[in-house]
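Examining the three-dimensional arrangement
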Amino acid sequence: MEVDLIFRIAAIGIIVAVLNQLLIRSGREEQAMMTTLAGLIVVLMMIIQEIDALFQTIKSVFQL
């Protein structure tokens, strides 16, 4: 796993947290929830791509 991936996930988390707080303080709780869900989906998609690469590597190592 690359360190760059960890930094990207952390950056997305920080941006989502700041946006979430700004939206909650302005009284837009629904948009804050949608922002949080969007950030979660983006991070999950990044992780799914890395898991797919891991499984492809395992297949090639064991010649499956």
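Above this note sits the structure.
Below, the structure is looked at part by part. What you are looking at is a predicted structure, and each value in this text was computed from that prediction instead of being measured.

Things to note about the overall build of the protein chain
What the protein chain contains, in helices and strands, is two helices and zero strands. Computed over its C-alpha atoms, the radius of gyration of the protein chain comes to 16 Å, more than 25% above the 11 Å expected for a compact globule of 64 residues. By its C-alpha atoms, the protein chain is 55 × 20 × 5 Å across when sized along the principal axes. Counting every position in the protein chain, which comprises 64 residues, the buried fraction comes to 14%. When the accessible surface of the protein chain is totalled, it reaches about 5300 Å², and 71% of it is carbon and sulfur. Distance from the positive charge centre (4 side chains) to the negative charge centre (6 side chains) of the protein chain: 5 Å.

Points about the pattern of salt bridges
Applying the stated criterion to the full structure yields one salt bridge. A salt bridge links Asp4 to Arg8; the shortest N-O distance between them is 3.5 Å. Remark: Arg8 and Asp4 occur in helix α1 (residues 3-25); sequence separation between them is four residues, near one turn of the helix. According to the relative accessible area criterion, Arg8 is partly exposed, its value standing at 38%.

Digging into the packing of α1 against helix α2 (residues 29-62)
Closest axis-to-axis distance for the α1/α2 pair is 8 Å, and the angle between their directions is 170°. Regarding the angle of α1 to α2, the classification is roughly antiparallel. The segment α1 lies against α2, with Leu5, Arg8, Ile9, Ile12, Val16, Leu19, Asn20, Leu23 and Ile24 engaging Glu29, Gln31, Ala32, Thr35, Thr36, Gly39, Val42, Val43, Met46, Ile47 and Glu50. By residue class, the composition of the contact of α1 with α2 is 12 nonpolar, five polar and three charged.

Thresholds applied
- Residue indices begin from 1 for each chain and proceed along its sequence in written order.
- Restriction of local features to residues with pLDDT of at least 70 applies here, the model being predicted, together with a cutoff of 80 or more for giving and counting side-chain atom pairs; totals for whole chains, interfaces and linings are based on all residues.
- Side-chain descriptors were evaluated using all non-hydrogen atoms of the structure, hydrogens and water having been removed beforehand.
- Under the DSSP-based scheme used, a helix requires at least four consecutive residues in state H or I and a strand at least two consecutive residues in state E, with every element numbered from the N terminus.
- We take the radius of gyration over the C-alpha atoms and set the globule estimate at 2.2 Å times the residue count to the 0.38 power.
- Whether a residue is buried, partly exposed or exposed follows from its accessible area with a 1.4 Å probe, protein chains only, as a fraction of its type maximum: under 20%, in between, or over 50%, in that order.
- Calculation of accessible area relied on Shrake-Rupley with a 1.4 Å probe; when residues are assessed, cover is drawn exclusively from the protein chains displayed.
- The charged-residue count follows a simple rule in which Lys and Arg add positive charge and Asp and Glu add negative charge, with His and chain termini not counted at all.
- Every charge is mapped to an atom, namely NZ of Lys, CZ of Arg, CG of Asp or CD of Glu.
- Salt-bridge detection follows one rule: a side-chain nitrogen of Lys or Arg within 4 Å of a carboxyl oxygen of Asp or Glu.
- Interaxial angle, 0 to 180 degrees, is taken between N-to-C directions of lines fitted to C-alpha atoms, where a helix line uses only the stretch in contact.
- If an angle is under 35 degrees, it is roughly parallel; if it is over 145, roughly antiparallel; if it lies from 65 to 115, roughly perpendicular; otherwise it is oblique.
- Contacts are assigned to residue pairs with any non-hydrogen atoms lying within 4.5 Å of each other.
- Note that Gly is not counted as nonpolar here; it falls among the polar residues with everything else outside the nonpolar set of Ala, Val, Leu, Ile, Met, Phe, Trp, Tyr, Cys and Pro and the charged set of Asp, Glu, Lys and Arg.

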